[in-house]
Amino acid sequence: MSSTTDLVANATLDHHHTHDGATAHGEHPDFRLFGIMVFLFAEGMIFMGLFTAYLTFKAVTPEWMPEGIPKLELLLPGINTAILIASSFVIHQADIAIKKNDIAGLQKWFKATAAMGALFLVGQLYEYFHLGFGLKTNLFASTFYVLTGFHGLHVTFGLILIAAVLWRSRKPGHYSSDRHFGVEAAELYWHFVDIVWIVLFLLLYIL
Amino acid sequence: MKHFVESSALAVKIPSNILTLLVGITLTLISLWFGYNHSLLPIAASREAELVDGLFNAMMAVSIGLFLVVQGALVVALFKFRRRPGDLTDGPHIHGNIPLEILWTVIPTVIVFIISVYSFDVYGQLGGFDPNATGDSSQVQVAMLPGEDASAPLMDSSRAKPSHHHEALGIGASPEDEGKPADLTVDVMGMQYAWLFNYPNAGVTSAELHVPVNQEVQLNIKAQDVIHAFWLPEFRLKQDAIPGQPSELRIKPRRVGEYPVICAELCGPYHGGMVTKLFVDNQQDYDNWLQSQIASQDSNQTTALVLDQQTDGDFLAPFVSDLGVTPDIVQQVLPRDRA
Amino acid sequence: MTSAQLHATTHAVTSDGVPIYRKWWHYFTFNSDHKVIGIQYLVTAFVFYLVGGSMAAAIRTELATPAPDFVTPEVYNSLLTLHGTVMIFLWIIPAGAGLANFLIPLMIGARDMAFPKLNALAFWLIPPAGLMLISSFFLESPKAGWTSYPPLSLVSGQVGEGIWIMSLLILGTSSIFGALNFFVTLLKLRVPSMGLNDMPLFCWAMLATSALVLIGTPVLAGALILLGFDLIVGTAFFNPTGGGNAVVYQHMFWFYSHPAVYIMILPLFGAISDVLPVHARKPIFGYRAIAYSSLAISFLGLIVWAHHMFTSGTPAWLRMFFMIATMIIAVPTGIKVFGWVATIWGGKLPFNGPMLFAIGFISMFVIGGISGVMLASVPFDLHVHDTYFVVAHLHYVLFGGSVFGLYAALYHWFPKITGRMMNEPLSIVHFVLTFIGMNLTFLPMHQLGLLGMNRRVAMYDPRFADVNLICTIGSYILALSTIPFLINALWSWIAGKPAGNNPWRGLTFEWQTTSPPEIENFEELPVLTVGAYDYGLGHAYTETVGDRQQNHRHHEPAPLAHADSVSPTEPEVEVAVVAGNGHEAPGNQKCPLPANPDAAVQTEPEPEIVVAAGDRPEDRSHQE
Ligand code: HEA
Ligand code: HEA
Ligand code: CUA
Ligand SMILES: [Cu+2]
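Basis of the calculations
- Residues numbered from 1 in each chain as written.
- Chains lettered and ligands numbered in written order.
- Predicted model: local features only at pLDDT ≥ 70, side-chain atom pairs only at ≥ 80, totals over all residues.
- Heavy atoms only, no water.
- Helix = DSSP H or I, 4+ residues; strand = E, 2+ residues; numbered from the N terminus.
- Buried < 20%, exposed > 50% of the residue type's maximum accessible area, 1.4 Å probe, protein only.
- Contact = heavy atoms within 4.5 Å.
- Donors = N, O, S within 2.8 Å, 3.2 Å for Na, K, Ca; no water.
- Axes fitted to C-alpha atoms, helices over the stretch in contact; angles between N-to-C directions.
- Parallel < 35°, antiparallel > 145°, perpendicular 65-115°, else oblique.
- Nonpolar A, V, L, I, M, F, W, Y, C, P; charged D, E, K, R; others polar.
- Near = heavy atom within 4 Å.
- Polar contact = N/O pair within 3.5 Å; in protein donor to acceptor, adjacent residues only side chain to side chain.
- Buried area = accessible area lost by both parts, 1.4 Å probe.
- Salt bridge = Lys/Arg side-chain N within 4 Å of Asp/Glu carboxyl O.
- Core = buried A, V, L, I, M, F, W, Y, C linked by side-chain atoms within 4.5 Å.
- Domains from an automatic or database assignment.
- Pairing = 2+ DSSP bridges.
- Expected span 1.5 Å × (residues − 1).
- Phe/Tyr/Trp six-rings, centres within 6.5 Å; stacked < 30°, edge-to-face > 60°.
- Lys NZ or Arg CZ within 6 Å of the ring centre and 35° of its normal.

A. Up close: the overall build of chain B. In terms of helices and strands, chain B carries eight helices and 11 strands. In chain B, buried positions account for 54% of the 339 residues. Contacts in chain B between residues far apart in sequence, at least 24 positions, make up 74% of those at least 6 positions apart.

B. Broad picture of the overall build of chain C. The number of helices and strands found in chain C is 22 helices and two strands. Per-residue burial for chain C yields a buried fraction of 72% across its 624 residues. Partitioning the intrachain contacts of chain C with sequence separation of at least 6 by distance along the chain shows that 81% fall at a separation of at least 24.

C. View of the coordination of the copper ion (ligand 4). All names here are of chain C. For the copper ion (ligand 4), the full set of protein donor atoms is His258 (ND1), His307 (NE2) and His308 (NE2), and the range of their distances to it is 1.9 to 2.1 Å. Binding-site remark: the copper ion (ligand 4) is held by donors from one chain whose sequence spacing is H-x48-H-H. Separating the copper ion (ligand 4) and the iron atom of ligand 1 is a distance of 4.4 Å. Pair noted here: His258 is in helix α9 (residues 246-280) and His307 is in the loop between α10 (287-301) and α11 (316-328), with a separation of 49 residues, a long-range link. One exposure class covers both His258 and His307, and it is buried.

D. Spotlight on the packing of helix α8 (residues 201-233) of chain C against α10 of chain C. Residue and element names in this part refer to chain C. Packing of α8 against α10 brings their axes to within 9 Å, and their N-to-C directions diverge by 10°. Classified by the angle their axes make, α8 and α10 are roughly parallel. Contacts from Leu201, Trp204, Ala205, Ala208 and Leu212 of α8 reach α10 at Tyr287, Ile290, Ala291, Tyr292, Ser294, Leu295 and Ser298. For the contact of α8 with α10, a count of residues per class yields 10 nonpolar, two polar and no charged.

E. Representation of the coordination of the iron atom of ligand 2. The protein atoms that coordinate the iron atom of ligand 2 are His83 of chain C (NE2) and His395 of chain C (NE2), at distances spanning 2.0 Å. Residue His83 of chain C is classed as buried on the basis of its relative accessible area, which comes to 14%.

F. Representation of the site of ligand 2. All names here are of chain C. Among the 34 residues in the neighbourhood of ligand 2, the closest are listed as Arg60, Tyr76, His83, His395 and Arg456. One of the side-chain N or O atoms of Arg60 is found 2.8 Å from an oxygen atom in ligand 2. Counting only elements with at least two residues in the shell around ligand 2, the list comes to α2 (34-63), α3 (73-108), α15 (388-418), α16 (424-451) and α17 (465-495). No other element matches α2, which puts eight residues into the shell around ligand 2. In the shell around ligand 2, the residues fall into 22 nonpolar, nine polar and three charged.

G. How the structure looks around the site of ligand 1. If you check the shell around ligand 1, you find 32 residues, and the closest are Trp146, Tyr262, Asp381, His385 and His393 of chain C. Between ligand 1 and the protein, one listed contact pairs an oxygen atom with a side-chain N or O atom of Trp146 of chain C at 2.8 Å. The separation between an oxygen atom of ligand 1 and a polar side-chain atom of His385 of chain C is 2.7 Å. The set of elements that each furnish at least two residues to the shell around ligand 1 consists of α4 (98-126) of chain B together with α9, α12 (330-344), α13 (353-376) and α15 of chain C. Residues of the shell around ligand 1, tallied by class, amount to 20 nonpolar, 10 polar and two charged.

H. Structural view of the interface of chain B and chain C. Each partner contributes residues to the interface: chain B has 103 residues there, and chain C has 115 residues. The junction of chain B with chain C conceals about 9,500 Å² of combined surface from both sides, 68% of it contributed by carbon and sulfur atoms. In this structure, the connection of chain B to chain C is made through one salt bridge. Note that Arg281 of chain C is salt-bridged to Asp90 of chain B, the shortest N-O span being 3.0 Å.

I. How the structure looks around the environment of Ala306 of chain C. Residues and elements named next belong to chain C. For Ala306, the position within the fold is in the loop between α10 and α11. You can call Ala306 buried: its relative accessible area is 0%. In this structure, the C-alpha to C-alpha distance between Ala306 and Val391, residues 85 residues apart in sequence, is 18 Å.

J. Summary view of the nonpolar core. In this structure, Phe110 of chain A, Tyr199, Leu219 and Phe230 of chain B together with Trp91 and Trp340 of chain C are the most contacted members of the largest nonpolar core, which totals 325 residues. With 23 residues, α9 of chain C is the largest single contributor of residues to this core. With near-sequence residues (within four places) excluded, Phe110 of chain A lies in contact with Ile91, Ala94, Ile162, Val165, Leu166, Val183 and Ala186 of chain A. Of all hydrophobic cores here, the second largest spans five residues; its members include Ala229, Trp231, Ala264 and Val275 of chain B.

K. Local environment of the domain arrangement of chain C. Residues and elements named next belong to chain C. Under the domain assignment, chain C is made up of domain 1 (30-495) and domain 2 (500-624). Taking both partners together, domain 1 and domain 2 bury about 2,800 Å²; carbon and sulfur atoms supply 60% of that area. Together, Arg111, Arg281 and Lys416 form the three largest contributors to the area buried by domain 1 at its contact with domain 2, with a combined 28%. Here domain 1 is connected to domain 2 by 20 residue pairs in polar contact (both at pLDDT 80 or more). Ranked by residues supplied to the side of domain 1 that touches domain 2, first place goes to α15 with seven residues. For the side of domain 1 that touches domain 2, the residue count by class is 21 nonpolar, nine polar and 10 charged.

L. Region of interest: the sheet that holds strand β9 (residues 247-251) of chain B. Residue and element names in this part refer to chain B. The strand order β1-β9-β6-β2-β3-β4 describes an open sheet built from six strands, whose pairing is mixed. Lying at the two open borders of the sheet, with one neighbouring strand each, are β1 (170-171) and β4 (204-206). Across seven bridges, strand β2 (residues 184-191) lies against strand β6 (residues 217-223) in parallel orientation. Considered in β6, the bridge of Gly190 is made with Ala223. In the packing of helix α5 (residues 283-296) onto the sheet, contacts are made with β2, β3 (194-199) and β4, and the angle to β4 comes to roughly 100°.

M. Spotlight on the environment of Glu187 of chain A. All names here are of chain A. With respect to the helices and strands, the residue Glu187 is situated in helix α7 (residues 181-206). Here Glu187 falls in the buried class, since its relative accessible area comes to 7%. Between the C-alpha atoms of Glu187 and His92, which are 95 residues apart in sequence, the distance is 7.0 Å. Those residues within four positions of Glu187 in sequence are excluded, and the remaining contacts are Ile91, His92 and Asp95.

N. Summary view of α10 of chain C. Helix length check: α10 of chain C (15 residues) gives 21 Å between terminal C-alpha atoms against 21 Å at 1.5 Å per residue, within 8%. Of the residues making up α10 of chain C, those classed as buried are Tyr287, Ile290, Ala291, Ser293, Ser294, Ile297, Ser298, Leu300 and Gly301 of chain C.

O. Representation of the pairing of β9 of chain B. All names here are of chain B. Most of β9 is tucked away: five of the five residues are buried. Here β9 shows no split at all, with Ser247, Leu249 and Ile251 on one side and Glu248 and Arg250 on the other all buried. In this sheet, β9 lies alongside β1 in parallel orientation, the contact comprising two bridges. Across the sheet, Ile171 pairs through a bridge with Leu249, a residue of β9. Both β6 and β9 contribute to a ladder of five bridges, which runs antiparallel. Directly across from Leu219, in β9, lies its bridge partner Leu249.

P. The packing of aromatic side chains, seen in detail. Counted under the stated rule, the structure contains 73 aromatic pairs over all chains. When the ring of Trp195 of chain B is compared with that of Phe230 of chain B, the centres are 5.2 Å apart and the planes differ by 90°; the resulting orientation is edge-to-face. Separated by 35 residues along the polypeptide, Trp195 of chain B in strand β3 and Phe230 of chain B in strand β7 (residues 228-232) bring together distant segments of the chain. Phe230 of chain B matches Trp195 of chain B in its accessibility class, with the two residues each being buried. The interplanar angle of 5° and the centroid separation of 6.0 Å between the aromatic rings of Phe361 of chain C and Phe365 of chain C together place this pair among those described as stacked. With Phe361 of chain C and Phe365 of chain C both in helix α13 and four residues apart, this pair spans about one turn of that helix. Here Phe361 of chain C matches Phe365 of chain C in class, with each residue buried. Site record: aromatic cluster; members linked through ring pairs are Phe46, Tyr49, Trp91, Phe357, Phe399, Phe404, Tyr407, Tyr411, Phe431, Phe435, Phe442 and Phe485 of chain C. Across the ring face of Phe34 of chain A, the terminal group of Lys188 of chain C is positioned such that the distance to the ring centre comes to 4.9 Å.

Q. Molecular detail of the sheet that holds strand β10 (residues 257-263) of chain B. Residues and elements named next belong to chain B. Taken together, five strands build an open sheet; the order of strands is β5-β11-β10-β7-β8 and the sheet is mixed. With partners counted over all chains shown, the strands left at the sheet margins are β5 (209-212) and β8 (237-241), one partner each. Adjacent strand axes in the sheet meet at a mean angle of 20°, parallel and antiparallel pairs treated alike. In terms of strand pairing, β7 meets β8 through five bridges, oriented antiparallel. Following the sheet pairing, His228 is matched in β8 by Ala241.

Right, dumping it as structure tokens:
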């Protein structure tokens, strides 16, 4: 612990510690965002678990795909994927806008993102109703629905976050170039949802 | 000052004097003696059991040694370094000793390395690496859900399509016998709450397992409803019976006798009653038994139908007497009939 | 509101001078103070321990005789399922989180957790989930063991299993929220003067634990979601009848549940590393080795899960990989164990609750650890898997380890938590009964397993009857042993001897504030000037902010720390000698330390000297 003593010396000589009201009550964009990241990591682990389960089922089941599963249609999911990926860039515009104190820009881009997200969900539901198999048809079908459904739940939650930010942004001064944790959190979450989808799409449709 | 020199010397002093040497030798002797003179294991009735016991005894000796070292140090410390009443001074400021720390990192590393290699070797000799022990996880649908008919066809291995998976699930032939077929093959089926043994060559099905002594026996293990585990304590072998995933155990009994066959995986309330017997017979007795079975078995009657007419209680009845439970109790605690 | 204001509004003192900062009913509310939450966790967990223990008593009573005569086999299976689940998810894991809640902010000099509301939420998820789980006993209880393997779990009652899945999902969420908080707090809220390598070892252990929770628990959630679908909707992920695979569940379950055993032991490893030096009056032996071995254990803990599945048809090469990886865990754990032994070696060991339980912890845990290494050996595990040998192993590590560790921690921090001392003779009675009961109950189980008794059975072969009777008697002694503890804790909480700020003369931050700690922990945030384990150098925080304020008459007499070896003229020599040991010396000290800080206090030295001495944070902050 030699560093202890060094630190002691440093602390003694040049550390001026601020009175800590701030640490306990104030705004801490830095570690709240860090907290969100840690949370998203944990969320990601649920998906990791489900993805691995899917891959294992695929590996140990002698006949994959199971009989009765038509080749998955790629057009609609492809468009859907494009929409979702694009929305990640759109939501980033909102981030750029708020950093310039442009509230109208923030609202515009968030609305656009929300619209794209909603479109994605609609597309997803449309696909559900036009697939030739149901939740219980077989192992592939079950994993397919549970994975996409669980992801859809996350998209829905992301939409709620976006709506909350839009609601709050109506109050003048709620978000500004240096106070926009909510915006960043929603954006981060949206990127997460997007990345999960890309993996999911590759696993379920392409591989 | 003086205090410091003393105690730091104490800390670096890795066993060097005669006393520690003597203590070390004594410890080793005690450990070895205990490791090889305990009565913790049942009779070893097979080649496999002897191998596992050798491993266990060695691990036991090492464990006793480690146990004595750590506990001894704790007990000595507790007495030797007791705080005198009213003593408010601190102990010496020693906060590490690199050579000592390296030592106690290296020693356990070496120990676990040796145990790993030994285990690896025993596992190989048991037949764990036999590439022919195929447990192709073919998709056979067998598990029984509540309300389903117990007479649903039992798993028919001939129907199972072979797959590209050829991993050893279970324990196969020992390296010497690798590639050779076993002298006797028995299909083992686990179901709530009984084991069924099918001798495919003789067309015999029995609730008890009979095998001839000193012959290689291959057990193909399957489960019908939930997971069970086929355990022969006197053979030191166990393999889960998993619905849909056949597995195997290959054994070589060496002692004539009567041994328990136990289900070791929780499979429902009467898991504890899922016990039967393994008879290791000499060839003569075995042949006699087989003949009597063939004679008594109506060849048209499939096991499934027998099952159908029995209650759980009937199933357990032959075995409960060994458990010290009367069939009455079993009937009483069994709420529903199987049929 | 500043801390001063809070102080003014809530400050109160009992008739014998112990400060009170909260009304009793605060402990029944959604309070975001980490100390309140910590106590809520600990008390709730202990209540669940009594529930789980009563189930254990019923289990042992049933097993006193070979016949299933005390409860039916079905009830027996419910009992053992709930016993395992309650003990793990409602006792050990929450109790560890409770300790962490109470201690982490205090130890790192923070005023609260990073996310206090989330913290309160994490706690409040537990009681409903726990009540739900236990109430299942009266509806239809889960019967498939705490591991809940399908297909059995799918066919032994939908309601019970459904409740089990739901409550585990809630408890898992709680656990993740808690870990998230610990993780961020430890990384972001340390006082600026405290580097990672200055943290008390409990904090290191919690860092490692939180990482495991964040990685492992979500995977359990995934498994439970799939199992829930199979159970309720009728999909067939894990059901071979529909083409599913039962073993995949086992992989997902153990991917969490093996790390979970380290989630249950690492916090106590940390606690022991903090308890031993204070009482032995010696620095922890090998700080970095012990700190980093927690990380090594976490990492290794993530890649050994299939050692629970050696008989599940796991392919040969996988079995060998998992065997070797598992055994390697003995190395970092051994580093800790030997470090602890070396810490007490040459110390000044008192015969009190914390010390006895800490030593008991090491002693019992080593037995469980060694049997663990034996279990890791595949050929041997083929024999003893799912037998009482495993039951013996798991209770030596969980009861002898985690529970002993928790007791050591509770005895050690009770004065800080409540402001009052516990009764020593009663704590010794408690220890003796627990130690005897523990070994009587669980030692014979090793032999039972080796001889052929499988676990999870309500009826067994009569030849095991005698040994089982011994176990049952032992378990009654264990039940009895909780009584002196309960009396001691309750009575001391109300009327124990006031503890003062620092009854054990500890050096970590939590001992520098009042007991119980004031609402925002520190009037002035502390500055790290003395290492957490720098015993034997003459430091002793007996005089602290709170002490001078109000507790003066209660604190222990000032120690003449290490008077015989350190004299004011000699500190450099001493440093040189220690450096000669070849280990990281506390050397390069820019300023000599005073031999007897208390003398300095009494004579009111010049301010410059105090700064140079650097072990009186409160003085320095006054100067700024
Ligand atoms: C706190 C909980 C805890 C802890 C810390 C451990 C620690 C370990 N456990 Fe244990 N274990 C459980 C809780 C725990 N376990 C539970 C609950 C089960 C049963 C689950 C169920 O099926 O219900 C189980 C089951 C279990 C199994 C499966 C058995 C089976 O079902 O067949 C195995 C197999 O490898 C195992 C191994 C180990 C090992 C190697 C360690 C190691 O981490 C131990 C390391 C420690 C030491 C080795 C001692 C100190 C070291 C030294 C003194 C150095 C020198 C030592 C040597 C060189 C050996 N455990
Ligand atoms: C931290 C974890 C923990 C703890 C502390 C304990 C504590 C105890 N355990 Fe437990 N146990 C497990 C975790 C734990 N167990 C797990 C994970 C399993 C596996 C479950 C499974 O297979 O699914 C298990 C399984 C298990 C079994 C095996 C069951 C079986 O396989 O069939 C047994 C059998 O003896 C047992 C006994 C005990 C006993 C006697 C105690 C004692 O230490 C308890 C002492 C405490 C008390 C007794 C409570 C205090 C007293 C009172 C409240 C007064 C009332 C008391 C009376 C009326 C007598 N446990
Ligand atoms: Cu079959 Cu247990
Ligand atoms: Cu494990």
